[in-house]
Amino acid sequence: MRIPCPTCGPRDLREFTYIGDALRSAPALEADADTWAAYVYTRRNPRGEHLEYWQHSHGCRQFLRVRRDTATHVIHAAACVGPHATEDEA
Ligand SMILES: [Zn+2]
């Protein structure tokens, strides 16, 4: 699988680190232990198009939001996220 880094161009998967599901958000700090346990230990396993965070850890080190089909590994979009992001494509 190749991920199209907006800064470096298409690069091999081995240059990237999977960060996590881009659709999840942490519960409120005052949430109960069961809510936090579910957040930390429970993962979805979606089939089809999905938004994920990746880091180009062996390249420009940018964090990316990638829209990827988890069944076919086709990447539909990738965009930088964070304070240096210039556009929002994914
Ligand atoms: Zn890069």
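So, a few notes on the structure that sits alongside this text. (Residues numbered from 1 in each chain as written. Predicted model: local features only at pLDDT ≥ 70, side-chain atom pairs only at ≥ 80, totals over all residues.)

Because side chains alternate across strand S1 (residues 2-5), one face comprises the buried residues Ile3 and Cys5, and the other comprises Arg2 and Pro4, none of which is buried. As judged from the four bridges shared by S1 and strand S2 (residues 9-12), these two strands associate in the antiparallel manner. Across the sheet, residue Pro4 finds its bridge partner in S2, namely Pro10. Joining the antiparallel neighbours S1 and S2 is a turn of three residues. (Buried ≥ 20, exposed ≤ 12 C-beta atoms within 10 Å, placed from the backbone. Helix = DSSP H or I, 4+ residues; strand = E, 2+ residues; numbered from the N terminus. Pairing = 2+ DSSP bridges.)

Looking now at unusual backbone geometry. Phi is positive for Arg61, close to 70°, though the residue is something other than glycine. With respect to the secondary-structure elements, Arg61 resides in the loop between strand S4 (49-55) and strand S5 (63-69). The exposure class of Arg61 is exposed, given the 10 C-beta atoms found within 10 Å. Of note, the phi angle at His73 is positive, near 65°, even though the residue is not glycine. Here His73 lies in the loop between S5 and strand S6 (75-81).

Keep in mind these values describe shape, not function.
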